[in-house]
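Below, each chain spelled out in residue letters.
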Amino acid sequence: MNEKDVCKEVGQSFKIVSKEAVVPNIYEMVIEAPIIAEKVKPGQFVILIPDEMGERVPFTVSDWDVEKGTVTIFFQELGVSTMKLAKMEVGNTLESLVGPLGKPAEIANFGTVLLGGGCYGIGGIYPIARAMKEAGNRVITVVEARGQYLLYNLDKLKAVSDQLFLTTSDGSTEISGKVHDAVQHLLDKGEKIDRAVFMGCNFMLMMSSEATKSHGIKTKVFLNALMVDGTGMCGCCRCSVGGETKYACVDGPEFDGHEVDWEELFKRSGHYLNDEVLAYQFFNYKGCKQDMDG
Ligand code: FES
């Protein structure tokens, strides 16, 4: 019995309920997964396999609906798996979806919480912002992109944030630069922040953690580590935090941003980059050839 058969046995079909490009190259996908929707908490993730020949890929759960039995993910088309997902249609079913995985985000009444999101993290940070607001915090959210046209999910974030700041590399919004520039800008203005939480690419996590360090602000980051099983067995997501070996899938993905060994993380995450680029080009070529052959 393969994973898809097991899923069918327990009444999970993982049908795609909706799929939409929210901005160029970033997609929102809503998937039927009632058991996961019932159990998932902010900051947790799922591992999905797009098709029979697909690989296992982790995605942060960005929202869920217990009544409808659905979970929502955002993804950027970057490699073979996300290319396959981007080509899937409403009504198609995923090969498998496992979750919720990882520890939930630490939610409490800290006072003023600053949340920063970039790329998929603009979607992923939303349930954390919502939970932080519900816990009684004053919530300041900062989202980054290259240009304003690449920012998404803003209405939902606005609804759960006391203040929402948009920052862009091309200067098309109120603040120019990245999340860490906006953090610096707020701190320079004298904003008192009790807790910071960042989700996005590892570079953004590192730079934002550096920005909060000298101010002594407790900072949590959602690490992007390579993953295979997602349950602590393969060792693929190994990272070092505070001088200790951790596994992002079971000990995280949320860690103290001031304690992460960033150099090691960058080295490990880039290990298969060339192979991933080759695979992406190969699949693209195959797809184009099939289209030309009709
Ligand atoms: Fe295998 Fe974390 S993904 S140990």
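Residues numbered from 1 in each chain as written. Predicted model: local features only at pLDDT ≥ 70, side-chain atom pairs only at ≥ 80, totals over all residues. Heavy atoms only, no water.

Caption draft 1: Layout of the environment of Lys-156. Tracing the backbone shows Lys-156 in helix H6 (residues 154-160). There is a polar contact of 2.6 Å between the side chain of Lys-156 and the side chain of Asp-63. (Helix = DSSP H or I, 4+ residues; strand = E, 2+ residues; numbered from the N terminus. Polar contact = N/O pair within 3.5 Å; in protein donor to acceptor, adjacent residues only side chain to side chain.)

Caption draft 2: The arrangement of the packing of helix H7 (residues 179-188) against helix H8 (residues 202-213) in detail. It is the contact of H7 with H8, at a shortest axis distance of 8 Å, that shows an interaxial angle of 15 degrees. Taken together, the axes of H7 and H8 are roughly parallel relative to one another. The chirality of how H7 crosses H8 is right-handed. Across the interface between the two elements, Val-179, His-180, Val-183, Gln-184 and Leu-187 from H7 touch Met-204, Met-207, Ser-208, Ala-211 and Thr-212 from H8. (Axes fitted to C-alpha atoms, helices over the stretch in contact; angles between N-to-C directions. Parallel < 35°, antiparallel > 145°, perpendicular 65-115°, else oblique. Left-handed = near helix turned anticlockwise from the far one by under 90°. Contact = heavy atoms within 4.5 Å.)

Caption draft 3: Spatial organisation of H7. Looking at H7, one finds that the buried residues are Val-179, His-180, Ala-182, Val-183, Leu-186 and Leu-187. Projected down its long axis, H7 shows its buried positions confined to an angular sector of 160 degrees, all on one face. Here the buried face of H7 lies against strand S8 (112-118), strand S9 (138-145), strand S10 (163-168), strand S11 (175-176), strand S12 (195-199) and H8. Backbone geometry just after H7 places Gly-190 at a positive phi near 95 degrees. (Buried < 20%, exposed > 50% of the residue type's maximum accessible area, 1.4 Å probe, protein only. Arc of directions from axis to C-beta.)

Caption draft 4: Structural view of the packing of H8 against helix H10 (residues 262-269). The geometry of H8 relative to H10 is characterised by a closest axis approach of 11 Å and an angle of 175 degrees between their N-to-C directions. Relative to H10, H8 is oriented roughly antiparallel. On H10, the residues that touch Asn-202, Phe-203, Leu-205, Met-206 and Ser-209 of H8 are Trp-262, Leu-265, Phe-266 and Ser-269. Tallied by class, residues from the contact of H8 with H10 come to six nonpolar, three polar and no charged. (Nonpolar A, V, L, I, M, F, W, Y, C, P; charged D, E, K, R; others polar.)

Caption draft 5: Molecular detail of the nonpolar core. Counting residues in each nonpolar core, the largest one holds 34 residues, and the members touching the most others are Leu-114, Phe-198, Leu-223 and Trp-262. When residues of this core are traced back to their parent elements, those giving at least two are strand S3 (45-49), S9, H7, S12, H8, strand S14 (238-241), helix H9 (248-251) and H10. Among the elements that make up this core, the one with the highest residue count is H7 (five residues). With residues up to four places along the chain from it excluded, the contact list for Leu-114 reads Ile-140, Val-142, Val-183, Leu-186, Ile-193, Arg-195, Ala-196, Val-197 and Phe-198. In terms of nonpolar packing, the next biggest core, distinct from the first, is built from 26 residues, Val-113, Leu-115, Ile-125 and Leu-151 among them. (Core = buried A, V, L, I, M, F, W, Y, C linked by side-chain atoms within 4.5 Å.)

Caption draft 6: How the structure looks around unusual backbone geometry. Between Gly-99 and Pro-100 the backbone carries a cis peptide bond, its omega angle lying at -5 degrees. Residue position: Pro-100 is located in strand S7 (residues 96-101). Following Gly-252, the chain continues to Pro-253 via a peptide bond in cis, the omega torsion being 10 degrees. Within the secondary structure, Pro-253 is located in the loop between H9 and strand S16 (254-256). With phi around 55 degrees, Cys-119 is a residue other than glycine that occupies positive phi space. Tracing the chain through its elements places Cys-119 in the loop between S8 and helix H4 (121-124). Under the relative-accessibility criterion, Cys-119 is labelled partly exposed at 27%. For Asn-153, which is not a glycine, the phi torsion comes out positive at approximately 65 degrees. You can call Asn-153 buried: its relative accessible area is 13%.

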